[in-house]
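Residues per chain are reported as follows:
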Amino acid sequence: MHCCFNILPASLQMCFGLDVTEEKKRAKLKSSQIELDLSKHAKSETNVVKILLLEWQEHIDQTNKIIHGHGFSKQELISFKPAVYDNLLTSMKFVLRGMGMLRINLANERNKEHARAILSCCQCLGKDQELLPFVALAFCALWSDRGIRFAAARGYEFELNDSAL
């Protein structure tokens, strides 16, 4: 019976599993490599999910402490300061970029310099963990600008975080 398959073209012989060519070996090796890569990627994604779940659990623990406890200690509040300021800086940058997208202008022309300062700023705390003076001034000037307030109110149009305001 095997002899009658010998008259088939090589491509059909491969379909019947009769001929193991170099091409088939390379394809099988490539397939194994892809499966290995997918497996590694799946394992790394599992770690990402675990990190996100840990952050979520920490958030729940903090919320429970606020609701059912006596709030945070002064030291805990101080430890949150850099994260709060970083969120403030990030949110103001989102608002400023959103203004461009929505074609909203600053109400006060002098605030353009403050907007440039915020957009170019990558850190708003000094070595003493206090807000840098030029950043504090820029935040105050920009937040009092009607254009900023109008854009922030339309934050849902450019994915501004709900807690930004």
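Residues numbered from 1 in each chain as written. Predicted model: local features only at pLDDT ≥ 70, side-chain atom pairs only at ≥ 80, totals over all residues. Heavy atoms only, no water.

Some details on the side chain of Lys 93
Mapping Lys 93 onto the fold places it in helix α4 (residues 74–102). In this structure Lys 93 is buried but unpaired, with Asp 86 as the nearest side chain of opposite charge at 7.4 Å. In contact with Lys 93, other than residues within four places in its own chain, are Ile 118, Leu 119, Cys 121 and Cys 122. (Helix = DSSP H or I, 4+ residues; strand = E, 2+ residues; numbered from the N terminus. Buried < 20%, exposed > 50% of the residue type's maximum accessible area, 1.4 Å probe, protein only. Lys, Arg positive; Asp, Glu negative; His and termini not counted. Salt bridge = Lys/Arg side-chain N within 4 Å of Asp/Glu carboxyl O. Contact = heavy atoms within 4.5 Å.)

A closer look at the UniProt feature "binding site: GTP" (unreviewed entry) in the protein
In this structure's numbering, the residues bearing the UniProt feature "binding site: GTP" (unreviewed entry) are Asp 162 and Ser 163. Looking at the element boundaries, Asp 162 is found in the segment after α7 (146–153). The exposure class of Asp 162 is exposed, given its relative accessible area of 77%. Checked against the element boundaries, Ser 163 lands in the segment after α7. (UniProt positions renumbered as here; feature names shortened; annotations may be inferred.)

With respect to the nonpolar core
Ranked by internal contacts, the top residues of the largest apolar core, which has 23 residues, are Met 92, Val 95, Leu 96, Met 99, Ile 118, Leu 142 and Ile 148. In terms of residues, this core owes the most to one element, α4, which gives seven residues. Those residues in contact with Leu 96 that lie beyond four places of it in its chain are Ala 115, Ile 118, Leu 119, Leu 142 and Ile 148. (Core = buried A, V, L, I, M, F, W, Y, C linked by side-chain atoms within 4.5 Å.)

Quick look at the environment of Cys 121
You can see Cys 121 is positioned in the loop between α5 (111–120) and α6 (133–143). Excluding its chain neighbours within four sequence positions, the residues that come into contact with Cys 121 are Leu 89, Lys 93, Phe 134 and Val 135.

Some thoughts on α6
Burial in α6 covers these residues: Val 135, Ala 138, Phe 139, Ala 141 and Leu 142. On its buried side, α6 packs onto α4, α5 and α7.

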